[in-house]
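# Summary of structural features
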Amino acid sequence: MKKILFLALVIIFFAGGCVNFKLRDSAAGNKNENITLRIAWWGEQPRHDYTLDVIELFEKKYPYIHIEPEYANWDDYWKKLAPLAAANQLPDIVQMDLLYLAPYSDILEDLTPYINQEMIKTEAIDKRILSGGKIGQHVFGFPLGLNAPAVIVDRELLLSNGINFPEKSWTWDEFEEVVVQTHKDKRIYGTNGMKSIDVFFSYYLRTKGENLFNKNGTGLGYEDDQLFIDYFEMQLRLLDQGAFPRPDVTEQIQRIEDELLINQLSSMSWAHSNQYIGFWQAANRPLELIPPPGPGQEKGLTVKPSMLFSISQSSKNKEAAALFINFFINDVEANKLIKGERGVPLSTKVADKIEKVLTAEQKKVFDYINSIKDSTAIVEKADPLGSIEVVRILQDVSNQILFKKITPQEGAQLFRTEANNILSKENKE
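Description of the structure in this document. Keep in mind it's a predicted model, so treat the numbers as computed, not measured.

## Some details on the nonpolar core
In this structure, Met-96, Tyr-104, Phe-142, Phe-228 and Phe-415 are the most contacted members of the largest nonpolar core, which totals 137 residues. Here this core gets 9 residues from one element, more than from any other, and that element is helix H10 (residues 226–240). Residues within four places of Phe-228 in sequence aside, it is in contact with Phe-201, Tyr-222, Leu-394, Val-397, Ile-401, Pro-408, Gly-411, Ala-412 and Phe-415.

As structure tokens, then:
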């Protein structure tokens, strides 16, 4: 519980306070229902809409269970969840991220018994994928789908200006050439700001055979700071040429409708693969999904749980909560509503049936993940304790570099010192 209290203070301090989830006053249930479950998640409006439809479908199948949904965007979600966790008042089911799974694990239910008793059915799910929600021998989060790092590209914007569309095996040099040429020809940014810095710096490190964290979580996983320097010097080169946005530009992006790519102010956007559908719908024009640059893509590309559902230890209706998770994962009609927006379905039976009803655009995400899943044995797992603060420091150091307050060399040393100090304290061997 101590780490939850610390987590709450960290999130509240850096977020500047709490906000309320949006609650739906469901008309589907009645006052005589036996069980009420609270379920919380983050996302954009399209996710909220279809999740409410899935809940309605669940309530029709199980009329004795009433769902109270609570939802918010990413930032507001964690601002609200941390103090609820500290007060031991989490909703029955909470959507989890690998970054937050370890700090919350003290107050989350181990799902192993529910899996073993087949309350949550897994016969059509690859067991190595389930390991993404494990810490030690305990399953604290059940993955809702699979995703991977990706780049979403506006093909027509590039081709209309005579720029060669990137091949899947493109290099970092080719990436720079494309985004610089786009800026020169279109007077827009060539790329977005690679905002999820921990995701894409981690990808870059993996292409070099390294990792952000060491195996025990007690320190950084790479020894050569030149990797850090090279990564940020590349961003500075693009920034100096006007092809890369400054942090004060990207900080204004709060919704998918604000994204540079959506508004044709950038030719590409670094994202997770499951975000492609949201980008495509918001842009209302053809887009493409390709791997980030290499070489080393075969090492850099990993599959990961896009997000997870966890059950709180404080829940008084854990079996009903497990029933909902099973429904969300294994019900075909529910997944026809979800359409892989939370990541490609884990169940091969569900995925096979859903693919048959997808549009060509929606199927791109499935094809992308299947190609990666078939070529890698690596499934990302929960980040170590302290990683939330390490990611915050990485973002702060990145901003200082891009605002040219410090050099990449200074940033590399600052990040190493602070990150190792945090990780060594939180994860003593």
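The discussion continues.
## A short note on the packing of aromatic side chains
Under the definition given, this model contains 31 aromatic pairs. Taking the centre distance of 5.3 Å and the plane angle of 65 degrees together, the rings of Phe-58 and Phe-327 count as edge-to-face. One end of the pair, Phe-58, is in helix H2 (residues 45–61); the other, Phe-327, is in helix H14 (residues 318–330), and 269 residues separate them in sequence. As far as the burial class goes, Phe-58 and Phe-327 line up, both buried. On the numbers, 6.3 Å between centres and 90 degrees between planes, the contact of Tyr-62 with Tyr-64 is edge-to-face. By relative accessible area, Tyr-64 is classed as partly exposed at 37%. One aromatic cluster is present, built from ring pairs that chain together Trp-170, Trp-172, Phe-175, Phe-200, Phe-201, Tyr-204, Tyr-222, Phe-228, Tyr-231, Phe-232, Trp-270 and Phe-415. Geometry around Phe-165 places Arg-155 over its ring, the cationic atom sitting 4.1 Å from the centre. Here the guanidinium or amino end of Arg-416 rests over the ring plane of Tyr-222, the centre of that ring lying 4.9 Å away.

## Considering the sheet that holds strand E10 (residues 268–272)
As summarised here, the arrangement of the 3 strands in space is E10-E9-E11, forming an open sheet in which the pairing is antiparallel. Because the sheet does not close on itself, it has two edges, and the strands there are E10 and strand E11 (288–290). Across the sheet, the axes of successive neighbouring strands diverge by a mean angle of 30 degrees, strand direction being ignored. The pairing of strand E9 (residues 149–153) with E11 spans 3 bridges and is antiparallel. Opposite Val-153, over in E11, you have Glu-288 as the bridge partner. Contacting E9 and E10, helix H9 (residues 197–207) crosses the sheet at an angle of about 110 degrees to E9.

## Here we look at helix H16 (residues 348–355)
Turning to H16, its buried residues are Val-350, Ala-351, Ile-354 and Glu-355. Buried residues along H16 cover an arc of 125 degrees about the axis, so they all sit on one side. Buried residues along H16 sit in contact with H14, helix H15 (332–338) and helix H17 (360–373). By the N-cap criterion, in which a side-chain oxygen at the helix start approaches the backbone nitrogen of a residue two or three places on, H16 is capped by Ser-347, the distance to Lys-349 being 3.3 Å.

## Details of the pattern of salt bridges
Within this structure, the stated rule accounts for 21 salt bridges. Residue Lys-79 is joined to Asp-76 by a salt bridge in which the shortest nitrogen-to-oxygen separation is 3.4 Å. Residue Lys-79 and its partner Asp-76 are located together in helix H3 (residues 74–86), separated by 3 residues, close to a single helical turn. In this structure Lys-79 comes out as buried when scored by relative accessible area, which is 16%. A salt bridge links Glu-355 to Lys-363, with the nearest nitrogen and oxygen atoms 3.7 Å apart. A residue is classified by how much of its surface remains accessible, and Glu-355, at 19% relative accessible area, is buried. Each member of the salt-bridge network shares a partner with another, and the members are Arg-155, Glu-288, Glu-361 and Lys-364.

## Comments concerning unusual backbone geometry
What is expected of a backbone is that most residues other than glycine have negative phi and most peptide bonds are trans. Residue Gly-294 is joined to Pro-295 through a cis peptide bond whose omega torsion reads 10 degrees. Tracing the backbone shows Pro-295 in the loop between E11 and helix H13 (297–300). The residue Lys-404 is not glycine, and still its phi comes out positive at about 65 degrees. Among the secondary structure elements, Lys-404 is positioned in the loop between helix H18 (387–402) and helix H19 (408–426). Owing to a relative accessible area of 51%, Lys-404 belongs among the exposed residues under this scheme.

Cut-offs and rules
Residues numbered from 1 in each chain as written. Predicted model: local features only at pLDDT ≥ 70, side-chain atom pairs only at ≥ 80, totals over all residues. Heavy atoms only, no water. Core = buried A, V, L, I, M, F, W, Y, C linked by side-chain atoms within 4.5 Å. Buried < 20%, exposed > 50% of the residue type's maximum accessible area, 1.4 Å probe, protein only. Helix = DSSP H or I, 4+ residues; strand = E, 2+ residues; numbered from the N terminus. Contact = heavy atoms within 4.5 Å. Phe/Tyr/Trp six-rings, centres within 6.5 Å; stacked < 30°, edge-to-face > 60°. Lys NZ or Arg CZ within 6 Å of the ring centre and 35° of its normal. Pairing = 2+ DSSP bridges. Axes fitted to C-alpha atoms, helices over the stretch in contact; angles between N-to-C directions. Arc of directions from axis to C-beta. Polar contact = N/O pair within 3.5 Å; in protein donor to acceptor, adjacent residues only side chain to side chain. Salt bridge = Lys/Arg side-chain N within 4 Å of Asp/Glu carboxyl O.

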